[in-house]
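As a plain string of letters, each chain reads:
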Amino acid sequence: MNRAITRFIRNLAGHSGGAQLAPGYRSALSFRRALAVGAIGWMLLGASTITHADDASSSSSSSLTTASSAERPAGVEAMIDLTTTAGVAAVNGAWRYSDASIVETSFRAPDSAGQPTGVAINTHDIVPHAGRADFDDAGWETIQPTTLSARRGTGRVSFNWYRIAVTIPTKIGTFDPSGASVWFVTRLDDYAEVWVDGELDRTYGQQGGSVVAGWNAPNRVLIGRHVKPGQTIQLAIFGMNGPISDAPTNYIFVREARLEFAAGLATPVAVEPHEVNVQVERDDPAIDAIVPPNAKLYKVAEGFQFTEGPIWLRDQQVLLFSDPNHNTIYRLHEGEPLTVFRDRSGYDGADIAEYGQPGSNGLTLDSQGRLTINEHGRHRVTRLEHDGSLTVLADRYEGKRLNSPNDLVYRSDGALYFTDPPFGLPRFFDDPRKELPFSGVYLWKSGRLRLLTRDLKGPNGIVFSPDEKYLYVSNWDPAAKTVTRYPVHRDGTVGRGEIFIDLTKQIAGEDALDGMKADVRGNLYLSAPGGVWIFDARGHHLGTITAPRPVHNFAWGGSDGRTLYLCARSALYRIDLQIPGIRP
């Protein structure tokens, strides 16, 4: 694991990747003059903005954006030219290249409602699907940045991919990019689509953003908000030859590719809900009753360090969720600005800088609608009363402080169940602040705290079956990526657990299992590498919903409880499903 990735995991710094666009604008300096300023491929430009000498006919009123005027950069302060050797070296990158091909495949004709559930039909697809951030391009050709203008592809009707991972440098000349916003600007001959950290923005009506605007038109895409040196952003550019209806006698090539750094945009923010790419793996026909045939995923907020612990407030039609890294609980009401619901949500100690996730994590509601909060840094579970006061429900077991309460769920009789791994502590299992020698699953009721089990190394997500006969607990443990099912006794305690789901051999790597939810039919939704894994009440895998970013938790929302809000690291998404979920 390289240093940049290690730093990302440690700090969980938010990759924005939101493919939002900034307006077109006229510059006092032409691009050619700018290139003369920076002979090594990147340069400091003060507060000036940029246009290209060969774009003299364009004006600042050109339609190059769907972003609001509030998001317009005050001016490009620094630029890195990714068509130069020094520019690519400055971001510790390497250009990778592959042709793409048209292949035959099958699909479904539209039904009476216009959805793809009709008879099987033959159609075509393009391979490889290389937009995903984790796509393995190690076997691709490495090309020198100075050869991006070389003609590639097979000519006529042809397609290709260019991929590069860029790491934000510590300095760009004398410019410190910390906190800046970053745009990627490219121009392909003839068309381009730009994927950012695995996400392709599908906002209606956009021109020159993540999707093509016409022959040789520039794509200008916001790829990072409030970036940090060492942060890595994966770019994938899909090129097309055109016009497709009258295949030309030429090839595909990159005319320009650069990063522009400007004053930081507000972060985090709620965004106008817009569609992004989603994949649905359908392993069993039963998944069709859960995920609609033409499922749509929408981004609703971005720019966070890490999103977790969401809960829907039905009476207000709003979503509350934690950013444990930023020590904040946010409030999202679609159509309104994002607001802070509670700051210092998990910790305010003098040593807070040592914590990666000092803030709150899991959130839920009791039968009276009172918010219950798992506070990482304070090692406790609290309840926010209607008058605004805070009641500590649990902070110690047998005189020793809890680790860092993670996820939680109420039973219908008012009993509270929660998990307590050490992941909120700065050094996890080896942290000197850790007083308990185990990670527990607990029951709290009427002021009494009881340990239910200490069997799991990293108990994480927790949820009941609809009839409350079983309690499910997921395990964040690379050596045991399991969900354990416990029978629940009448007094609220649990019996001997059994492995209900085991993905240890199926999922490689150090990532394991996180949040869980259930729907009214007993289907289980599990956060695991690859997306939202859906299992039926027997533990049979039905399918997986894959969002652009890794999903760590989710909550049922909407007026009918069929909307699933996904906490995906730096972003927040939602998807409408067909079965209501169990919610407080």
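Note that this is a predicted model, so its numbers are computed, not measured.

Relative to the elements of secondary structure, Thr83 occurs in the loop between strand 4 (76-81) and helix 3 (85-90). A polar contact of 2.7 Å, which involves the side chain of Thr83, links it to the side chain of Asp81. Each residue touching Thr83, except ones within four places of it in the same chain, is listed here: Pro145, Thr146, Leu148, Glu256 and Ala257.

Once that is clear, we can look at unusual backbone geometry. Across the junction of Gly242 and Pro243, the peptide omega takes the value 5°, indicating a cis bond. Among the secondary structure elements, Pro243 is positioned in the loop between strand 12 (232-240) and strand 13 (253-262). Note that the residue after Thr267, namely Pro268, is joined by a cis bond; omega there is -5°. Relative to the elements of secondary structure, Pro268 occurs in the loop between strand 13 and strand 14 (269-276).

Turning next to the sheet that holds strand 14. Here five strands make up an open sheet; going across it, the order is 14-16-41-40-39 and the pairing antiparallel. The sheet is open, and its two edges are formed by strand 14 and strand 39 (553-557), each paired on a single side. On average, each strand axis in the sheet is tilted by 25° relative to the strand beside it, whichever way the strands run. Pairing of strand 14 with strand 16 (residues 297-302) involves five bridges; the strand directions are antiparallel. Counted as the bridge partner of Ala270 is Ala301 from strand 16.

Together, Ile102, Val157 and Ile244 give the surface a local cluster of nonpolar side chains, amounting to about 240 Å² of exposed area. Considering the arrangement of structural elements, one finds Ile244 in the loop between strand 12 and strand 13.

This model, assessed by the stated rule, comprises 20 aromatic pairs. Between Phe304 and Tyr330, the aromatic rings sit 5.4 Å apart at their centres with planes inclined by 65°, giving edge-to-face as the arrangement. With a gap of 26 residues between them, Phe304 in the loop between strand 16 and strand 17 (308-313) and Tyr330 in strand 19 (residues 328-332) connect regions that are remote in the sequence. With centroids separated by 6.2 Å and ring planes inclined at 85°, the aromatic side chains of Phe423 and Phe428 adopt a geometry described as edge-to-face.

One key point about sheets: their strands pair by backbone hydrogen bonds, in either a parallel or an antiparallel sense. As summarised here, the arrangement of the four strands in space is 17-18-19-20, forming an open sheet in which the pairing is antiparallel. The outermost strands of the open sheet, each flanked by one partner alone, are strand 17 and strand 20 (339-343). The average undirected angle you get between the axes of adjacent strands in this sheet is 25°. The sheet contact formed by strand 18 (residues 318-323) and strand 19 spans five bridges and is antiparallel. Paired with Asp323 across the bridge in strand 19 is Thr328.

Let us look at the nonpolar core. If you look at the biggest cluster of nonpolar residues, it comprises 33 residues, and the most contacted ones within it are Trp95, Tyr162, Leu259 and Phe261. Only strand 4, strand 5 (95-108), strand 8 (159-167), strand 9 (181-189), strand 10 (191-196), strand 11 (219-224), strand 12 and strand 13 provide two or more residues apiece to this core. The element contributing the most residues to this core is strand 13, with four residues. Among the nonpolar cores identified, the runner-up in size contains 23 residues, and Ala295, Ala547, Leu564 and Ile575 belong to it.

Checked against the element boundaries, Thr382 lands in strand 23 (residues 380-384). A relative accessible area of 0% places Thr382 in the buried class. Engagement of the side chain of Thr382 in a polar contact is seen with the side chain of Glu375, the distance being 2.7 Å. Once residues lying within four places of it in the same chain are set aside, the contact partners of Thr382 are Leu371, Thr372, Ile373, Glu375, Leu390, Thr391, Val392 and Leu393.

Let's shift gears to the pairing of strand 22 (residues 371-375). Within strand 22, five of the five residues are buried, which leaves the element mostly enclosed by the surrounding structure. Side-chain alternation along strand 22 places Leu371, Ile373 and Glu375 on one buried face and Thr372 and Asn374 on a second face that is also buried. Where strand 22 and strand 23 come together, five bridges link them in antiparallel fashion. Counted as the bridge partner of Thr372 is Arg383 from strand 23. Between strand 22 and strand 23, which follow one another and run antiparallel, lie four residues, and His379 among them has a positive phi close to 60°.

Each value, and the rule that gives it
- Residues numbered from 1 in each chain as written.
- Predicted model: local features only at pLDDT ≥ 70, side-chain atom pairs only at ≥ 80, totals over all residues.
- Heavy atoms only, no water.
- Helix = DSSP H or I, 4+ residues; strand = E, 2+ residues; numbered from the N terminus.
- Polar contact = N/O pair within 3.5 Å; in protein donor to acceptor, adjacent residues only side chain to side chain.
- Contact = heavy atoms within 4.5 Å.
- Pairing = 2+ DSSP bridges.
- Axes fitted to C-alpha atoms, helices over the stretch in contact; angles between N-to-C directions.
- Patch = residues over 30% accessible without salt bridge, like charges linked within 9 Å, V, L, I, M, F, W, Y side chains within 5 Å.
- Areas by Shrake-Rupley, 256 points an atom, 1.4 Å probe, with all protein chains shown as cover.
- Salt bridge = Lys/Arg side-chain N within 4 Å of Asp/Glu carboxyl O.
- Phe/Tyr/Trp six-rings, centres within 6.5 Å; stacked < 30°, edge-to-face > 60°.
- Core = buried A, V, L, I, M, F, W, Y, C linked by side-chain atoms within 4.5 Å.
- Buried < 20%, exposed > 50% of the residue type's maximum accessible area, 1.4 Å probe, protein only.

Honestly, that's just the spatial picture; any functional story needs more than this.
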